[in-house]
Amino acid sequence: MSKSPCNQRCVHCLGVFGTLTWDHIPPESWYPDTTPEMMEKWKVPCCYTCNQELSKIEKELLIKMGLCIAPDRTEAQGIADKALRSLKPELGKGERDKAHRAKARQKVFRHMMKFQDKIASGVLPNFGPYESSEEPIAVLIPAEYVERFSKKLVRGFTYIIDGEYIEEDYVIDVFFVQDEAANESVQLIDKHGITYNQGPGLIVKRAVAADDSKSAMWAISIWDKFKIYATVEKR
Ligand SMILES: [Zn+2]
């Protein structure tokens, strides 16, 4: 890892700090095994507080989403396995790691429930329920985690592509819709924007407004499964 950035701003909270750390966009552990080895993994300057908060969110999301992913897909190879392994105390390195895994396991079990129609409206698009499962199980994911993580990506990608921060006078909105509902927006982004491929596991599309390069429409696909749509607009 390269030297810590100094006297810069955190991409996420916009604060200025004497010393910062690096935040991976997306998290390093989210890259599938099929990611080309030589591919540069994107990272941005981030303060320690944001880094800690985001790590916690990303860990929980990776485990819970990983459990809902077919293990053999190219775009997500190794992700389901990683999620399962992180819940196995017997694989822990040392007592502390074992206890960590046991705790994570209990937490996931607490957040699992039988899938019922009444929660259907809150299901993240592309994440089921699957026709093959006789008695589908749902795992609860905090909506604020999904939103915070998605905004992190938008801020991070903006910094990586333009070297720019999304300032306070801009607002980021994130949307989670079925692929069909997003079709029109994606076509628009394809027509006017640029696609950035980070291996098979991550595809980022962005189109910026003609009159304001900071306003943009985003379509982000992780594992060809977790689809994030976002807009950045002046307040
Ligand atoms: Zn920060």
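Per an unreviewed UniProt entry, the chain is named HNH endonuclease, and its organism is Sporomusa termitida.

Re the environment of Y159
Take Y159: it is sitting in helix 4 (residues 143-162). Sequence separation between Y159 and K82 is 77 residues; the distance between their C-alpha atoms is 29 Å. Y159 has contacts with Q8, V11, V44, P45, E164 and Y165, leaving out every residue within four places of it along the chain.

A word on the packing of aromatic side chains
Scanning the model with the defined rule gives 8 aromatic pairs in all. An angle of 75° between the planes, with centres 5.7 Å apart, marks the rings of W42 and F157 as edge-to-face. Pair noted here: W42 is in the loop between strand 3 (21-24) and strand 4 (43-46) and F157 is in helix 4, with a separation of 115 residues, a long-range link. Taken as a pair, W42 and F157 share a single burial class, namely buried. Measuring from centroid to centroid gives 5.4 Å for Y159 and Y165, while their planes differ by 65°, and the two rings are edge-to-face. Like Y159, the residue Y165 is buried in the burial classification. Put simply, the rings of W30, F127, F149, F176, W223 and F226 pair up and form one aromatic cluster. Across from the ring centre of Y31, 5.0 Å away, lies the NZ or CZ of K41, which sits over that ring. When the ring centre of W22 is taken as reference, the NZ or CZ atom of K43 above it lies at 5.2 Å.

A short note on the nonpolar core
One finds W30, F157, I220, I222, W223 and F226 to be the most contacted residues of the largest nonpolar core, which totals 41 residues. The leading source of residues in this core is helix 4, at 7 residues.

Here we look at helix 1 (residues 48-66)
In this model, helix 1 (19 residues) spans 26 Å end to end at C-alpha, consistent with the 27 Å of a helix rising 1.5 Å per residue. Among all positions in helix 1, only C50, N51, L54, I57, E58, E60, L61, L62, I63, K64, M65 and G66 are buried.

Considerations on the pairing of strand 2 (residues 16-19)
Where strand 1 (residues 6-9) lies against strand 2, 3 bridges are found, and the strand directions are antiparallel. Paired with R9 across the two strands is V16, which belongs to strand 2.

Rules and cut-offs
Residues numbered from 1 in each chain as written. Predicted model: local features only at pLDDT ≥ 70, side-chain atom pairs only at ≥ 80, totals over all residues. Heavy atoms only, no water. Helix = DSSP H or I, 4+ residues; strand = E, 2+ residues; numbered from the N terminus. Contact = heavy atoms within 4.5 Å. Phe/Tyr/Trp six-rings, centres within 6.5 Å; stacked < 30°, edge-to-face > 60°. Buried < 20%, exposed > 50% of the residue type's maximum accessible area, 1.4 Å probe, protein only. Lys NZ or Arg CZ within 6 Å of the ring centre and 35° of its normal. Core = buried A, V, L, I, M, F, W, Y, C linked by side-chain atoms within 4.5 Å. Expected span 1.5 Å × (residues − 1). Pairing = 2+ DSSP bridges.

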